[in-house]
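Remarks on the overall topology
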Amino acid sequence: MLRHLIYKIKATGPITVAEYMKEVLTNPAKLLGIWFISEWMATGKNAAFQLVELGPGRGTLAGDILRVFSQLGSVLKNCDISIHLVEVSRKLSEIQALTLTEEKIPLERNAGSPVYMKGVTKSGIPISWYRDLHDVPKGHSFYLAHEFFDVLPVHKFQKTPQGWREVFIDIDPQVSDKLRFVLAPCVTPAEVFIQRDEMRDHVEVCPEAGIIIQELSQRIALTGGAALIADYGHDGTKTDTFRGFCGHKLHDVLTAPGTADLTADVDFSYLRRMSEGQVASLGPIKQQMFLKNMGIDVRLKVLLDKSDEPARQQLLQGYDMLMNPKKMGERFNFFALLPHQRLHGRSHPMNACQSKPSVSPVAGFGELAWR
């Protein structure tokens, strides 16, 4: 754990006390790495798989998952693994390369190619960068989208006596250098994304998220694997979630554009609709339940038994931050896409001598037996 923390701090700079407690308690990246290995094992230990991350940030999460793969090398020793990162920012891709790749092996760069950068990770695994998911090779893949969908652009709609009207941003006629929200005077094309039986009076829709989910679903249906999406969101219940953050504090989304990070909660009910007919979906499940199913209570007990009183208090505070419904416990969600046969066993008929296939539970989405 100390080596992991030192590596993390060297890669991304000093961390907060809250991050430290979160890392010591459960190391979310370790759980995600275990989740992918668990699914790989449950679906027959394919001879090769791709780990594809959408929006990898600074590459820290991918690095943590790769270390889990290295720690469980005896399990994966006969599997041909490759890493594929979908990143549009050249600056971030360079940071990711510094975090993940072996310095002694020079990177291959080709700005005009769909695969605009290639290298080898510190653990010897080939790694490639792409601007678009469409360019990632089709193959048995596990996809990760961690805090990716909540920053994609949304269209906002308000229900009026005249029907749905899209929310636009216009110049305030009273103050020439100020922006304001207004309603479109008539129907706009994006209204097609609203469900006919929608009961809410304010809706946010993200067409780009729908396109990505459909692409992921088609790939998983065709070549197997799974997708794990972890993000802030809801299951079609919330209305106005568009907000800005500057220095980890709420910031008016229309004030000083470009100085704040803009985000909108993911509507998982929309993602589910976009995947229907192609793959099965699980979730969204609250972080509190996902971590409980992944064995966080067992992990906490082991750590508490080995800790002195000050450390015990820190662990309990970290646990509270992760699990308390009023904190992270019910705000962060996990959602998975899997082939239909993963949940229902074999897709072909069984003969009279065969028993019904045993379907192992999907880690995190069902209670597992922990020893």
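As a reminder, the structure under discussion sits directly above these lines.
Anyway, here's the lowdown on the structure attached to this text. Everything quoted here is computed from the prediction, not taken from an experiment.

Let's talk about the sheet that holds strand E14 (residues 261-263)
With respect to topology, three strands assemble into an open sheet ordered E13-E12-E14, the strand pairing being antiparallel. The open sheet has two edge strands with one neighbour each: strand E13 (249-251) and E14. Shown here is a sheet whose adjacent strand axes are inclined to one another by a mean of 40 degrees, direction ignored. By the bridge criterion, three bridges tie strand E12 (residues 243-246) to E13 in an arrangement that is antiparallel. When the bridges of E13 are listed, Gly244 appears paired with His251.

Here we look at the packing of helix H7 (residues 207-223) against helix H8 (residues 268-275)
In the contact formed by H7 and H8, the axes pass within 8 Å of each other and the chain directions differ by 45 degrees. In terms of axis orientation, H7 runs oblique to H8. Every pair of crossing elements has a handedness; the one defined by H7 and H8 is right-handed. Contacts between H7 and H8 pair Pro207, Ala209, Gly210, Ile213, Gln214 and Ser217 from the former with Tyr270, Leu271, Met274 and Ser275 from the latter. Of the residues in the contact of H7 with H8, the class split is six nonpolar, four polar and no charged.

Some details on the pattern of salt bridges
If you walk through the whole model with that rule in mind, you get 16 salt bridges. Notably, a salt bridge pairs Asp267 with Arg200, separated by 3.3 Å at the nearest N-O pair. Here Asp267 is found in strand E15 (residues 266-267), whereas its partner Arg200 is found in the loop between strand E9 (179-183) and strand E10 (202-205), with 67 residues between them in sequence. Taking relative accessible area as the criterion, Arg200 reaches 12% and is therefore assigned buried. For the salt bridge of Arg243 with Asp265, the shortest nitrogen-to-oxygen distance reads 2.8 Å. A residue pair is termed long-range when its members are at least 10 positions apart, and Arg243 in strand E12 and Asp265 in the loop between E14 and E15 qualify at 22 residues. Both residues of the pair, Arg243 and Asp265, count as buried. Salt bridges sharing partners connect three or more residues here, namely Lys238, Arg243, Asp265 and Arg331.

Remarks on the nonpolar core
Grouped together as the largest cluster of nonpolar side chains are 54 residues, with contacts concentrated most on Trp35, Phe69, Phe334 and Phe365. Dropping the residues within four chain positions of it, Trp35 is found in contact with Ala226, Ala227, Leu228, Phe290, Met294, Ala336, Val362, Ala363 and Phe365. Phe149, Ile213, Phe268 and Phe335 belong to the second-largest nonpolar core, a separate cluster that totals 26 residues.

Conventions adopted
- Within each chain, residues carry numbers counting from 1 in the order of the written sequence.
- Only residues with pLDDT of 70 or above have their local features reported here, since the model is predicted, and side-chain atom pairs are shown and tallied only from 80 upward, although totals for entire chains, interfaces and linings are computed over all residues.
- For side-chain calculations, the full set of non-hydrogen atoms in the structure is used, while hydrogens and water are omitted.
- By this definition, two strands are paired if DSSP reports at least two bridges between them.
- Runs of E in the DSSP output that reach at least two residues are strands. Runs of H or I that reach at least four are helices, and both are numbered from the N terminus.
- Note on geometry: axes are lines fitted to C-alpha atoms, helical ones only across the stretch in contact, with angles between N-to-C directions running from 0 to 180 degrees.
- Note on angle classes: values under 35 degrees are labelled roughly parallel, values over 145 roughly antiparallel, values of 65 to 115 roughly perpendicular, and the remainder oblique.
- The crossing is said to be left-handed when, going from far helix to near helix, the turn is anticlockwise and less than a right angle, and right-handed when the turn is clockwise.
- Note on contacts: a residue pair is in contact if any heavy atoms of the two residues lie within 4.5 Å.
- Any residue that is not Ala, Val, Leu, Ile, Met, Phe, Trp, Tyr, Cys, Pro, Asp, Glu, Lys or Arg is counted as polar, Gly included; the first ten are nonpolar and the last four charged.
- In what follows, salt bridge is the name for a side-chain nitrogen of Lys or Arg lying within 4 Å of a carboxyl oxygen of Asp or Glu.
- Only protein chains enter the accessibility calculation, which uses a 1.4 Å probe. A residue is then buried if its area is under 20% of the maximum for its type, exposed if over 50%, and partly exposed in between.
- Take the buried residues of types Ala, Val, Leu, Ile, Met, Phe, Trp, Tyr and Cys, join any two whose side-chain atoms come within 4.5 Å, and each joined set is a nonpolar core.

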